[in-house]
Amino acid sequence: MTTQPPGVSRTVLREQVKQVLLERILSRHYAPGERLVETRIAQELGTSQAPVREALRELELLRFVESAPFRGAWVREVSDQELAEVYPIRAALEDVAARAAAHRMGGDVGALEREVTAMARATDVADQVEHDVRFHQLIVEASGNARLLELWGSLQVEARTMITALRTRIDRKEVAALHEPIVEALRRQDPDGAGREIRAHVEEFGRRFFGEPAERA
């Protein structure tokens, strides 16, 4: 990574740094307990310390990193069980959301189709994740349930989707295709089908995250 060029926002740079650090933590390039020195990482990635510091804070919120005054930051040991906990919770929330959205959307799935197309054409993981998350957010928003949207947002879906994408390395076209049954159920205004498809979708990515065989073509 080079120093920040003109026109590249600090937010984009922070996300790039976070992606690099996540990849290294997930691959055990950074071992549990290993110190993460801002100055060293910034120098290595060719950036200032600010985006590194911000990325580390976000990773601490995700519980991949720990820190303490005068000790700095280090990689936290994260078990597979801990990583798995979010999938059934998210699957249940999106099941409820999709059932409500199937009534409220009236079969208008144009916005969802555009996100699926964008996923298939994504130029990198960050681009793919952005459209993936937006797809699911549109459905949760369409449920009309503000409390449900709040709970869904508390799961830090964007970061969790990035983690899943980095670990599974599923081809972007396959990722897009896995969203199509959800779109079709919502097009039919089929609440049972929409809930069933989106729950199966989230659970499928949970299985793939842990290297289990896929159950859907």
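Rules used throughout
Residues numbered from 1 in each chain as written. Predicted model: local features only at pLDDT ≥ 70, side-chain atom pairs only at ≥ 80, totals over all residues. Heavy atoms only, no water. Buried < 20%, exposed > 50% of the residue type's maximum accessible area, 1.4 Å probe, protein only. Helix = DSSP H or I, 4+ residues; strand = E, 2+ residues; numbered from the N terminus. Arc of directions from axis to C-beta. Pairing = 2+ DSSP bridges. Core = buried A, V, L, I, M, F, W, Y, C linked by side-chain atoms within 4.5 Å. Contact = heavy atoms within 4.5 Å. Expected span 1.5 Å × (residues − 1). Axes fitted to C-alpha atoms, helices over the stretch in contact; angles between N-to-C directions. Parallel < 35°, antiparallel > 145°, perpendicular 65-115°, else oblique. Nonpolar A, V, L, I, M, F, W, Y, C, P; charged D, E, K, R; others polar. pLDDT = per-residue confidence, 0-100. Phe/Tyr/Trp six-rings, centres within 6.5 Å; stacked < 30°, edge-to-face > 60°. Lys NZ or Arg CZ within 6 Å of the ring centre and 35° of its normal.

Remarks on helix H2 (residues 38–45)
Of all the residues in H2, the buried ones are Ile41, Ala42 and Leu45. Along the long axis of H2, the arc covered by the buried residues comes to 100°, so they all point the same way. Within H2, the exposed residues directed more than 90 degrees away from the buried face are Arg40 and Gln43. Just beyond H2, the residue with positive phi is Gly46, at close to 70°.

A closer look at the pairing of strand S2 (residues 65–68)
In this structure, S2 lies alongside strand S3 (residues 72–75), joined through four bridges in antiparallel fashion. Within the sheet, the bridge partner assigned to Ser67 lies in S3 and is Ala73. Between S2 and S3, which pair antiparallel in sequence order, lie three residues; one of them, Phe70, sits at a positive phi of approximately 70°.

Considerations on the nonpolar core
Counting 41 residues, the largest nonpolar core has Leu21 and Phe64 as the members making the most contacts within it. Ranked by residues supplied to this core, first place goes to helix H9 (residues 157–168) with six residues. Beyond its immediate chain neighbours, meaning those up to four positions away, Phe64 contacts Leu22, Ile25, Leu26, Leu59, Trp74, Val75, Arg76, Val78, Leu83 and Ile163. If you look at the next biggest cluster of nonpolar residues, it comprises 23 residues, including Ala101, Val109, Leu138 and Ala142.

Thoughts on helix H5 (residues 86–104)
Across its 19 residues, H5 extends 27 Å between first and last C-alpha, which sits within 8% of the 27 Å expected from 1.5 Å per residue. Turning to H5, the residues buried within the fold contact helix H4 (80–84), helix H7 (125–142), helix H8 (146–153), H9, helix H11 (180–187) and helix H12 (191–209).

A look at the sheet that holds strand S1 (residues 35–36)
The strand order across the open sheet built from three strands is S1-S3-S2, with neighbouring strands paired in antiparallel fashion. Only two strands of the sheet have a single neighbouring strand rather than two, namely S1 and S2. Across two bridges, S1 lies against S3 in antiparallel orientation. Within the sheet, the bridge partner assigned to Arg35 lies in S3 and is Trp74. Sheet contacts for helix H3 (residues 49–61): S1 and S2; angle to S2, the most-contacted strand, approximately 110°.

Some details on unusual backbone geometry
At Gln156, a residue that is not glycine, the phi angle is positive and equals roughly 55°. Structurally, Gln156 can be placed in the loop between H8 and H9. Using a relative accessible area of 28% as the deciding quantity, one classes Gln156 as partly exposed. For Arg169, which is not glycine, the phi torsion reads 55° and is therefore positive. Looking at the secondary structure, you find Arg169 in the loop between H9 and helix H10 (172–177).

Considerations on the packing of H7 against H8
It is at 9 Å that the axes of H7 and H8 come closest, and there the two elements cross at 155°. Classed by the angle they form, the pair H7 and H8 counts as roughly antiparallel. Contact with H7, carried on its side by Val133, His136, Gln137, Val140 and Glu141, involves Leu148, Leu149 and Trp152 of H8 and no other residues of that element. Considering only residue class, the contact of H7 with H8 consists of five nonpolar, two polar and one charged.

Structural notes on the confidence of the model for the protein chain
The predicted model of the protein chain averages 89 in pLDDT, with 92% of residues at 70 or higher. Contacts from residues 1–8, a stretch scored under 50 in pLDDT, to residues over four places away or in other chains number 12 contacts.

Considerations on the packing of aromatic side chains
In the structure shown here, the tally under the stated rule is one aromatic pair. The positively charged end of Arg71 is found above the aromatic ring belonging to Trp74, 4.4 Å away from the centroid.

Regarding the environment of Met105
Considering the arrangement of structural elements, one finds Met105 in the loop between H5 and helix H6 (110–120). Given the relative accessible area of 18%, Met105 is considered buried. For Met105, the contacting residues outside a window of four places in its chain are Leu112, Ala142 and Leu186.

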